[in-house]
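Chain by chain, the residues run as shown.
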Amino acid sequence: MKLYDRYIMLETLQVLTVGTFAILGIFYGTAEFQNVLDMMTASGLSLHTVLTIMALQLPTGMVYSLPSGVVMAVMLVLIRSSRDCEVMALQLLGVPLLRVLLPFLVMGLISSVANFLVSEYAAPQCRDLARRLFIIAANKAQRPFPDRTELRLEEISLDGRV
């Protein structure tokens, strides 16, 4: 990798990390936080179990927040480099525009492949494990669902299992 590629990748990864975790934090700070409170109050689950279930939901959250994080990172790095006239300086030196944008394209390709791998392999297993943990913990809780008469998990997969 050339110096320019490393510089752009480092800048983009910094903003990507902040952007992805900001979007993930907003998601977990609003919708998921209410679910956590509901789980703790309605089913009597311990805080450790609820935090474990939330941690198992992180790969799913990453699948949803990584693409927007990449878009934000590329946009912010390009805006900053344009404002600092770095793109114009590279073009004045004779660097083609495609070469200037190549690190961003590679970053998008790598993040797309990573997002696909997480969504196909890690996220479904983590969601299934979180559901199993919730059912096991709800059955062992001291006061499982005191205001409900029954507990149902209604999701039918393609092979007909519930």
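Here the structure is shown first, and the text comes after it.
Quick summary incoming for the structure in this document. (Residues numbered from 1 in each chain as written. Predicted model: local features only at pLDDT ≥ 70, side-chain atom pairs only at ≥ 80, totals over all residues. Heavy atoms only, no water.)

Some words on the packing of helix α1 (residues 3–43) against helix α2 (residues 47–56)
Thinking step 1. At a minimum axis separation of 10 Å, α1 and α2 run at an interaxial angle of 145°. When you trace α1 past α2, the crossing you get is right-handed. Here α1 contributes Tyr28, Glu32, Val36, Met39 and Met40 to the contact with α2, which in turn contributes Leu47, Val50, Ile53 and Met54.
Thinking step 2. Each residue belonging to the contact of α1 with α2 can be placed in one class, and the counts come to eight nonpolar, no polar and one charged. (Axes fitted to C-alpha atoms, helices over the stretch in contact; angles between N-to-C directions. Helix = DSSP H or I, 4+ residues; strand = E, 2+ residues; numbered from the N terminus. Left-handed = near helix turned anticlockwise from the far one by under 90°. Contact = heavy atoms within 4.5 Å. Nonpolar A, V, L, I, M, F, W, Y, C, P; charged D, E, K, R; others polar.)

Some details on the pattern of salt bridges
Thinking step 1. Tallying each qualifying case throughout the model produces five salt bridges.
Thinking step 2. A salt bridge links Glu11 to Arg80, with the shortest nitrogen-to-oxygen separation between them at 3.7 Å. On the criterion of sequence distance, the pair formed by Glu11 in helix α1 and Arg80 in helix α3 (residues 58–83) is long-range, its members being 69 residues apart.
Thinking step 3. Since its relative accessible area comes to 21%, Arg80 is described here as partly exposed.
Thinking step 4. The salt bridge partner of Arg80 is Asp84, with a shortest N-O separation of 2.9 Å.
Thinking step 5. The exposure class of Asp84 is partly exposed, given its relative accessible area of 44%.
Thinking step 6. A single network of salt bridges, built from pairs that share partners, joins Glu11, Arg80, Asp84 and Glu86. (Salt bridge = Lys/Arg side-chain N within 4 Å of Asp/Glu carboxyl O. Buried < 20%, exposed > 50% of the residue type's maximum accessible area, 1.4 Å probe, protein only.)

Section: the packing of α1 against helix α5 (residues 97–140)
Thinking step 1. Closest axis-to-axis distance for the α1/α5 pair is 12 Å, and the angle between their directions is 25°. Taken together, the axes of α1 and α5 are roughly parallel relative to one another. Both α1 and α5 take part in a crossing whose hand is right-handed. Here Tyr4, Asp5, Ile8, Met9, Thr12, Leu13, Leu16, Met39 and Ser43 of α1 lie close against α5, whose contacting residues are Arg99, Val100, Pro103, Phe104, Val106, Met107 and Phe134.
Thinking step 2. Taken together, the residues that form the contact of α1 with α5 break down as 12 nonpolar, two polar and two charged. (Parallel < 35°, antiparallel > 145°, perpendicular 65-115°, else oblique.)

A closer look at a nonpolar patch on the surface
Thinking step 1. A cluster of nonpolar side chains, Leu97, Leu98, Leu101, Leu102, Leu105, Val106 and Ile110, forms an exposed patch at the surface whose accessible area comes to about 600 Å².
Thinking step 2. By secondary structure assignment, the location of Leu97 is in helix α5. (Patch = residues over 30% accessible without salt bridge, like charges linked within 9 Å, V, L, I, M, F, W, Y side chains within 5 Å. Areas by Shrake-Rupley, 256 points an atom, 1.4 Å probe, with all protein chains shown as cover.)

Some remarks on α5
Thinking step 1. Helix length check: α5 (44 residues) gives 61 Å between terminal C-alpha atoms against 64 Å at 1.5 Å per residue, within 8%.
Thinking step 2. At Ser119, α5 shows its maximal bend, which comes to roughly 40°.
Thinking step 3. Restricting attention to buried positions, one finds in α5 the residues Val100, Pro103, Phe104, Met107, Ser111, Asn115, Ala123, Cys126, Ala130, Ala137 and Ala138.
Thinking step 4. On its buried face, α5 sits against α1, α2, α3 and α4 (86–92). (Expected span 1.5 Å × (residues − 1). Bend = angle between axes of the 7 residues up to and from the residue.)

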